[in-house]
Amino acid sequence: MNNKVIQTENLTKTFGDFTAVNTISFDVYEGEIFGFLGANGAGKTTAMRMLSGLSTPSSGKASVAGFDVYRQTESIKKNIGYMSQKFSLYEDLTIRENIELFGGIYGLRGRLLQEKKMALLKNLELEDDQMKLVSSIPLGWKQKLAFSIAILHEPRVVFLDEPTGGVDPITRRKFWDLIYAAAAKGITVFVTTHYMDEAEYCNRVSIMVDGKIEALDSPDRLKITHAAGSMDEVFQQLARRAVRKAD
Amino acid sequence: MHILLVLLKKEFTQILRNRFLLLIMFQMPVIQLLILPLAATYEMKNISMSVVDKDHSSYSAKLIDKFTASGYFKLNSYADSYEKALESIEDNTSDLIIEIPENFERTLIREKKADILINANAIDGTKAGLSSSYAASIIADFNKDIRETLLQPGKLNPAPRISITYSNWFNPTLHYPTYMVPGILVTLLSLVGGFMAALNIVSEKEKGTIEQINVTPVKKTTFIVSKIIPFWIIGMIIFTLGLLISRFVYHIYPVGTYGTLYIFAMAYMIAFLGLGLLISTYSDNQQQAMFIAFFFLIIFILLSGEFTPITSMPDWAQKMTKLNPLSYFVEVMRLVMLKGSSFRDVLTQFLTICGFGVVLNTWAVLNYKKTS
Amino acid sequence: METIIVENIYKYYPAATKKERNKALNGISFTVKNGEIFGLIGPDGAGKTSLFHILTTLLLADGGRATVDGFDVVKDYKQIRKRVGYMPGRFSLYQDLTVEENLQFFATAFETTVEKNLDLIHEIYIQLEPFKKRRAGKLSGGMKQKLALCCALIHKPSVLFLDEPTTGVDPVSRKEFWQMLKSLQLQGITTIVSTPYMDEANLCDRIGLLQNGSLLGIDTPENLTRNFGKPLFALKAEQMYPLLLHMRAYDQTATCYGFGDYHHITFIDPHIQQADIRSYLQGVGFTEPVEIRQIAPGIEDCFMDLLNH
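### Considerations on the packing of aromatic side chains
- The full count for this structure, using the stated rule, is 33 aromatic pairs over all chains.
- Their ring planes at 25 degrees and their centres at 5.4 Å tell us that Tyr268 of chain B and Phe272 of chain B sit as a pair that is stacked. Here the residue Tyr268 of chain B and the residue Phe272 of chain B both occupy positions in helix H10 (residues 258–282), the gap between them amounting to 4 residues, near one helical turn. The pair formed by Tyr268 of chain B and Phe272 of chain B is uniform in burial state, with each residue classed as buried.
- When the centroid spacing of 4.0 Å and the interplanar angle of 15 degrees are considered together, the rings of Tyr250 of chain C and Tyr280 of chain C count as stacked. With Tyr250 of chain C in the loop between helix H9 (240–249) and strand E12 (253–259) and Tyr280 of chain C in helix H10 (residues 274–283), the pair connects residues that are 30 residues apart, well separated along the chain.
- Judged by relative accessible area, Tyr250 of chain C falls into the buried class, the value being 9%.
- According to the relative accessible area criterion, Tyr280 of chain C is buried, its value standing at 17%.
- Here a set of aromatic residues connected by ring pairs shows up, and it is made of Phe239, Tyr262, Phe264, Tyr268, Phe272, Phe295, Phe296, Phe300, Phe329, Phe343 and Phe350 of chain B.
- One Lys or Arg, Lys230 of chain C, reaches over the ring of Phe228 of chain C and ends 5.1 Å from the middle of that ring.

### A closer look at the pattern of salt bridges
- Under the criterion given, the structure shown has 42 salt bridges over all chains.
- Of the charged contacts in the structure, one is a salt bridge between Lys10 of chain B and Glu11 of chain B, with a shortest N-O distance of 2.7 Å. For the residue pair Lys10 of chain B and Glu11 of chain B, the accessibility class agrees, reading buried in each case.
- Across the salt bridge formed by Glu36 of chain C and Arg206 of chain C, the nearest N and O atoms sit 2.9 Å from each other. Pair noted here: Glu36 of chain C is in the loop between strand E2 (23–33) and strand E3 (37–41) and Arg206 of chain C is in strand E9 (residues 206–211), with a separation of 170 residues, a long-range link.
- Overall, Arg206 of chain C belongs to the buried group, its relative accessible area being 14%.
- Each of the salt bridges in this network shares a partner with another, and the network as a whole consists of Arg172, Arg173, Asp197 and Glu198 of chain A together with Glu300 of chain C.

### A word on the sheet that holds E9 of chain C
Residue and element names in this part refer to chain C.
- Pairing within the open sheet is mixed, and its 6 strands lie in the order E6-E7-E8-E3-E9-E10. Among the strands making up the open sheet, the edge pair consists of strand E6 (84–87) and strand E10 (214–219). Neighbouring strand axes in the sheet, compared pairwise and without regard to direction, differ in orientation by 15 degrees on average.
- Alignment of E3 against strand E8 (residues 190–195), held across 5 bridges, turns out to be parallel. Residue pairing across strands places Ile41 opposite Thr195, the latter belonging to E8.

Rules used throughout
- Residues numbered from 1 in each chain as written.
- Chains lettered and ligands numbered in written order.
- Predicted model: local features only at pLDDT ≥ 70, side-chain atom pairs only at ≥ 80, totals over all residues.
- Heavy atoms only, no water.
- Phe/Tyr/Trp six-rings, centres within 6.5 Å; stacked < 30°, edge-to-face > 60°.
- Helix = DSSP H or I, 4+ residues; strand = E, 2+ residues; numbered from the N terminus.
- Buried < 20%, exposed > 50% of the residue type's maximum accessible area, 1.4 Å probe, protein only.
- Lys NZ or Arg CZ within 6 Å of the ring centre and 35° of its normal.
- Salt bridge = Lys/Arg side-chain N within 4 Å of Asp/Glu carboxyl O.
- Pairing = 2+ DSSP bridges.
- Axes fitted to C-alpha atoms, helices over the stretch in contact; angles between N-to-C directions.

The structure is reproduced here in structure tokens:
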């Protein structure tokens, strides 16, 4: 297979005596769409924050784009894109200003920035709306915009934290079109979600339960090994054990 | 550097778009400077007095006249007895009681001295203190008058007469705005520097946009500088606005140079912005930031010498003012505006403020963690 | 017997001027029968919460009328508040009170006691009981939801309003929650529940599809899917993205959406054959094996179909 763009070995994060992420080990290959699944509170966001340099692990090893998560977080940040659950665009800036801001932050300037900006606007059909404040546009637009801005500088990996919450089914699918297109261009997509049907869009999926990875494979193979008809069933089987333990 | 410019463009765009913020930042100083010095003044007028005149002599009448002629005192009532006069204090119709005993004139002429009683309502301590001191100076003046009439020079008391005239140095007319305006300017700058910058950063924390910045290669120093510069510029604009109002509305011209004032103000803003940033690194939401900022601001203002002199504070409080950046600024403002101090004269204060700036800003940068 | 009657309800979003106003709810009309579970399906911003607020007397509509259990939502709001159980969108119980304390609070607020209606919530409560001294804020998502449901039922309401009760809750708890709703139905409680999850729509007796303040369709899930009106194909291959792009480019394709492990496609010509599809794909160079099946449409397919019109 291709290079490994994310590698983790016994990665752990504890908060006091609570272990949020418990010795997880996995690899993600270049160009994959990797789904990181789990119930709320299973540890997905914590794990993702460690990989994107927002949080220091308590123990274990990990590297992203070849850089160590303990000592080289700033280098990691140059090579990744990130979209948080809140989308994190500046609501009091226009669509265009947000693009120019984040493009500039990642070192895009001059003609290159202009070209990428126009391409983005064209792709999302927002050319006529570029002067609108982000606070005034519908949720679906914000979502697509946040994603497009996250990959504007063509990072090696883009991290998406529950990016499709709350939008209608058509918008959700249009969003996954964008993810497909990004992966086709060679950008590795690391996405967390609790929509099980979205798990099917991924090349491989891992399922986190109580801070541990309980399953890691392609959706098809997972369904076979768990004798399940859908990813939802696979998840139910794995999560059922946890719910009994958790409370 | 390019990233800094990009961030600055964002900050200015956001600030200029925030109508409410702009309103507060520019109207607030104007209103404060126009209303406060005129309204919150120590000059007492219309002190209402109740007189118990048991003598009804020409001297007692003269004394009362002197009070009312001064312009500060207003005769509320003549009371028959001290108890009656006390009632008027209790129902708040008078602030001061003057009791002139029986045989006042006779005692004065015969024994060359007499006593009168002045009682001031001290529920408002400041008012009582000032009323009493006005009364005392009016009486001193009265004494001067009667001395010249009662004591012929050389006959009874050959001691040389020393008359004392006094004037208030640097603010001869005790023009209250001259005294207050520099202090108010300092408070305004502190509010903009301390509050606004702190709230700005914390609101990014609340909205989640700070996380988006943390995940980019932007260095934290760059980010912090991008927050300092816009508010620093706003602070300087407000300072200029304040000085213009002082000049054209209150006719307060600095005896020293504007240059000295500006250099100090610039250093002060950076120091206070550092404080604001530091507060924001310790706050998770705007409510917390506001309370912490308020806490500091109120203590700083009360202990700055703006309203009450530092020298009359107890020792421990005086020591605390050394840690208060506001006290240095208030001092320098008054020194430069009223006394005409040069930059060299206030060099110590300037260096102290620079020290504050370095410490606070460094602390803020160190405390701000992109990775938690 | 209709427990809830909604007639032409309008609600405007607040705006600076009357001209700029947008409609949060655009002339909604529907009814809910006694004892049924009615689902209001729609994404964020559709207007579900606004509608619930109006029906539970927390918000005044700008137009139209509604009655709950025979009482008008405006004139008889006090009566409605006594007989309605409401579970709002976000967790609305007191985080720093224990399970017990929350239940007692709500019972007292409705002038009843926990013991009086314990039999109604018994099934749910036994799951909470081991945690009754734990603070509500420290419960897991699924437990919080069960507690909120108990508090909504504590005064034996005749109608239950549940606003997105399963959002943010793990799939196992979601399933259990719906089982609880079914057993409550047996006790005669009418339930109206809103959810963005299409799969939960099938668990309701009747559903209303809400998008941008308008009802796209109201019916039983079976009828809605029956009214889809055209054949639906599911396609699958190893390389799903190129397949998607090709099918979108096909001039015979009407709609083409990803649906997890299959793409759902409708065609312009309802009589199209599998062979036609295969020969097209061969023609554009897509040579890997493609699985093509005709399937029955689900609620989500219907929803998207209605959205497109």
